[in-house]
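# Working through the structure, step by step
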Amino acid sequence: MAFDPPPLGAVVHNEVVAARAPWLHAVKAGQTLRIVDLEGNQAVDFLVYSAADDAERYSAQDTIAAQKNIFLREGSVLLSNEGRPMMTVTATAVAYHDTIGGACSCESNTLRYGHHTKAQHACVENFLVANAVQGRGKRDMVSNVNWFMNVPVEADGTLGIVDGISAPGLYVDLRAEMDVVVVVSNCPQINNPCNGFNPTPVRMIIAQ
Amino acid sequence: MSSTATPYAAQAHARAQAGTRVEAMPTVPASAAVNLPLGVAAADVVWDETIAPGGYASRQIARGSRLRLTDLAGDACVSLLIFNAERPIERLNIADTLKVQWNGYLGQGRLLLSDMGRVLASIVDDEAGTHDAFCGASNQASNARKYGDGFNHGAHPNARDRFSLGVAKFGLGRKDIHPCLNLFKEVRVGQGGETVIDVGPYPPGRSLTLRAEMDLIVVLANCPHVLDPREAYAVTPVRAAAWRGPVTPEQDPIRNATPEGLRAFLNVEDYFSR
């Protein structure tokens, strides 16, 4: 686990994603996407699609099965639903990240917190909005990564989103192993500790 | 002259095959099913089929129906997809199923939740308790690595490609193959996040019974678990049997077991208020 971010190649894109906002960007094979948790403990919900064939997309289950571990750490390879490497976690300053917790939605919020939360903005809304630009829709929603989010599993199977283990300025670096499209929801959830009850901006840097 | 040299002879040859019994086949009509659970009338059976090792099935079942899956010989691994039959864009959401219920291990009394905040099915009976919501379906690549090939047309079909066929029969495609549940093979999570698999051997005849809380399309693939450590393509037949049943009443204990689950049932009832 590298605490200081390693040097990047020539930066081709550098953008701050506002709190609660969606983001979509292509990342070419060999390029690195760095996500910086600017203010600390901000969940970044993350999906990735093959640029050549978007029916091939990130698969949390394939990724977990191949590495025989539910946590994403430095060295983890994000696999597609066809079992192919899409991106590799080349460096991160956070011990582990989540890929079992999924994305918050208006509908699941009604179960988790009550029907008074149905009108709140949610990650699935961001994913749908961002994906719509490229013609994708609800069938393109699958289990996602939650960078900087902490979901431990107890011995009896009890699990939940608990206080984060990230901090201001911590990062994750992802090297694309194929041409991909990355879709992000900078999580707007305010009913659990995934964003420290205060959604904040994150920085996205794409480098050669 | 061969017995199939003319259309007349070929017709007689084809018709002579009728009545053949094999292990993996459907019972048609389903009401002719035998060895039913106690209290289930043959007339109420709507589906009875034994699915081969490496086989698959997809089927529509009505709200209130019970679907019992039986691991006949103790080595089945049933990967399961579920859709709302009326509007298949609504489907099983594994992450919500675990997160909303605050638990990663599914068993008796647990709910299978859709991505729309509703209960697709309840687990009303589970003699196994050894299931997996983490590791998903095998695929062409994983089966090719382990068994040399994973083709639908070969000896080692993979669960994902079985799903492709199962969903295609309902007009759905590759994008509709959502993260799945694996039934009968257990995966637990260790303290460091590691997956711990147990493929048995398990006693034969263990079953799991689902109650459909909405009209469903279920897609089943019976292929070795993606983390099965054995060299051989090891899997045995599974029986799927479904019968008509009442819609879940208000006082149902599973419906009322948790505040999150109750709201999921309320959302189902709201959906059907029309």
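None of the values given here were measured: they were computed from a predicted structure. By convention here, each chain's residues receive numbers from 1 onward along its written sequence. Each chain takes a letter, starting from A, and each ligand takes a number, starting from 1, following the order in which they are written. In view of the model being predicted, local features appear only for residues whose pLDDT reaches at least 70, and side-chain atom pairs are presented and counted only at 80 or more, with totals across whole chains, interfaces and linings using the full set of residues.

### What to know about the overall build of chain B
Let me state the cut-off plainly: Counting from the N terminus, the helices are the DSSP runs of H or I reaching at least four residues and the strands are the DSSP runs of E reaching at least two. Radius of gyration here is computed from C-alpha atoms only, and the compact-globule reference equals 2.2 Å multiplied by the residue count raised to the power 0.38. Neighbour density around each residue's C-beta defines its exposure: 20 or more other C-beta atoms within 10 Å make it buried, 12 or fewer make it exposed, and counts between make it partly exposed, where C-beta atoms are placed from the backbone. Whether two residues are in contact is decided by their C-beta atoms, placed from the backbone, lying within 7 Å.
Tallying secondary structure elements over chain B gives five helices and 12 strands in all. Its C-alpha atoms give chain B a radius of gyration of 20 Å, within 12% of the compact-globule value 19 Å for 274 residues. Every one of the 274 residues in chain B was classed for burial, and the buried ones make up 49%. Once local pairs closer than 6 in sequence are excluded, the contacts in chain B between residues at least 24 apart make up 72%.

### A look at the overall build of chain A
When helices and strands are counted, chain A shows three helices and 10 strands. Seen in sequence order, chain A has helices and strands lined up from the N terminus as β-β-β-β-α-β-β-α-α-β-β-β-β. Over its C-alpha atoms chain A spans a radius of gyration of 16 Å, differing by no more than 12% from the 17 Å that the globule rule assigns to 208 residues. For chain A, the C-alpha atoms occupy an extent of roughly 45 × 40 × 35 Å along the three principal directions. Here chain A, with 208 residues, has 52% of them falling under the buried criterion. Restricting the contact set of chain A to residue pairs at least 6 apart, pairs at least 24 apart contribute 76%.

### A few points about the sheet that holds strand E1 (residues 11-17) of chain A
All names here are of chain A. Basically, it comes down to this: Pairing between strands is defined by DSSP: at least two bridges between them are needed. For helices, the axis comes from a line fit to the C-alpha atoms of the stretch in contact; other axes are also lines fit to C-alpha atoms, and the angle between any two N-to-C directions lies between 0 and 180 degrees.
Taken in spatial order, the six strands line up as E1-E10-E3-E8-E6-E5 in an open sheet, and their pairing is antiparallel. The sheet terminates laterally at E1 and strand E5 (77-79), the two strands that pair on one side only. In this sheet, neighbouring strand axes are inclined to one another by 20 degrees on average, regardless of whether the strands run parallel or antiparallel. In the sheet, E5 pairs with strand E6 (residues 85-92) via three bridges, with the strands oriented antiparallel. Looking at E6, one finds that Leu79 is bridged to Pro85.

### Points about unusual backbone geometry
Here Val28(B) and Pro29(B) are connected by a cis peptide whose omega angle stands at 0 degrees. The residue Pro29(B) is located in the loop between helix H1 (7-15) and strand E1 (45-51) in this model. In this model, Gly200(B) is joined to Pro201(B) through a cis peptide bond whose omega is 10 degrees. Mapped onto the fold, Pro201(B) is located in the loop between strand E9 (195-198) and strand E10 (206-212). Even without a glycine there, the phi angle at Lys68(A) is positive, about 55 degrees. Relative to the helices and strands, Lys68(A) resides in the loop between helix H1 (60-67) and E5. A positive phi is found at Phe184(B), a non-glycine position, where the angle reads about 85 degrees.

### Some remarks on the interface of chain A and chain B
What counts here: In this classification, the charged set is Asp, Glu, Lys and Arg, the nonpolar set is Ala, Val, Leu, Ile, Met, Phe, Trp, Tyr, Cys and Pro, and all remaining amino acids, among them Gly, are polar.
Each side of the interface is counted separately: chain A has 36 residues, and chain B has 38 residues. Counting residues per element, the ones that place at least two in the side of chain A that touches chain B are H1 and helix H2 (106-112) of chain A. Partitioning the side of chain A that touches chain B into residue classes produces 13 nonpolar, 14 polar and nine charged.

### Examining the sheet that holds strand E7 (residues 145-147) of chain A
Residues and elements named next belong to chain A. Ordered in space as E2-E9-E4-E7, the four strands form an open sheet in which the pairing is antiparallel. Looking at which strands have only one partner, the edges of the open sheet turn out to be strand E2 (22-27) and E7. Between one strand and the next, the sheet's axes are offset by a mean angle of 30 degrees, whatever the strand orientation. In the sheet, strand E4 (residues 44-50) pairs with E7 via three bridges, with the strands oriented antiparallel. For Val44, the partnering residue across the bridge sits in E7 and is Trp147. Each of E2, E4 and strand E9 (180-186) touches helix H3 (residues 123-132); the most contacted strand, E9, lies at about 145 degrees to it.

### Some thoughts on the environment of Val181(A)
Residue and element names in this part refer to chain A. For Val181, the position within the fold is in strand E9. The spatial distance from the C-alpha of Val181 to the C-alpha of Val48 is 5.6 Å, given a sequence separation of 133 residues. Leave out the neighbours within four places in its chain, and Val181 touches Leu24, Ala26, Val48, Tyr49, Ala51 and Gln134.

### A closer look at the nonpolar core
Across soluble globular proteins, nonpolar side chains have a tendency to be buried as a group. Where we set the bar: Nonpolar cores are built from buried Ala, Val, Leu, Ile, Met, Phe, Trp, Tyr and Cys residues. These are joined into a set through C-beta atoms within 7 Å.
Within the largest apolar cluster, 128 residues are counted, with the highest numbers of intra-cluster contacts made by Val48(A), Leu81(B), Ile82(B), Leu216(B), Leu220(B) and Ala240(B). Here this core gets six residues from one element, more than from any other, and that element is strand E11 (residues 216-222) of chain B. Not counting chain neighbours up to four residues away, the residues in contact with Ala240(B) comprise Trp47(B), Glu49(B), Ile51(B), Ala57(B), Leu67(B), Leu69(B) and Leu220(B).

### Let's talk about the pairing of strand E12 (residues 238-243) of chain B
Residue and element names in this part refer to chain B. Among the six residues in E12, six count as buried, and that is most of the element. Along E12, one buried face is formed by Val238, Ala240 and Ala242 and the opposite face, lined by Arg239, Ala241 and Trp243, is buried too. Strand direction decides the pairing type here: E1 and E12, joined by six bridges, are antiparallel. The residue of E12 that forms the bridge with Ile51 is Val238. Strand direction decides the pairing type here: strand E3 (residues 66-71) and E12, joined by six bridges, are antiparallel. Among the inter-strand pairings, Leu69 is bridged to a residue of E12, identified as Ala240.

### Structural notes on the environment of Arg263(B)
Structurally, Arg263(B) is set in helix H5 (residues 259-271). The contacts of Arg263(B), once residues within four sequence positions are left out, are Thr110(A) and Leu111(A).

### Quick notes on the environment of Glu86(B)
Positionally, Glu86(B) belongs in the loop between strand E4 (78-84) and helix H2 (94-100). The spatial distance from the C-alpha of Glu86(B) to the C-alpha of Ile217(B) is 8.9 Å, given a sequence separation of 131 residues.

### Things to note about the pairing of E9(B)
Residues and elements named next belong to chain B. Bridge count between strand E8 (residues 186-189) and E9: four bridges; the pairing is antiparallel. Residue pairing for E9: Val189 is matched across the bridge by Thr195. Connecting the antiparallel pair E8 and E9 is a turn made up of five residues, with Gly193 showing a positive phi of about 90 degrees.

### So, the confidence of the model for chain B
Under the convention used in this document: How sure the predictor is of each residue is captured by pLDDT, a score from 0 to 100.
Residues of chain B with pLDDT of at least 70 account for 100%, and the chain-wide mean is 97. Prediction confidence for the complex, expressed as pTM and ipTM, is 0.97 and 0.97 respectively.

### Considerations on helix H3 (residues 140-147) of chain B
All names here are of chain B. What counts is decided by this rule: Taking the helix axis as origin, the arc is that swept by the directions to the C-beta atoms.
Those residues of H3 not exposed but buried are Ser142, Asn143 and Lys146. For H3, the angular spread of buried residues about the axis comes to 95 degrees, placing them on one side. Phi turns positive, to about 95 degrees, at Gly148, one or two residues after H3.

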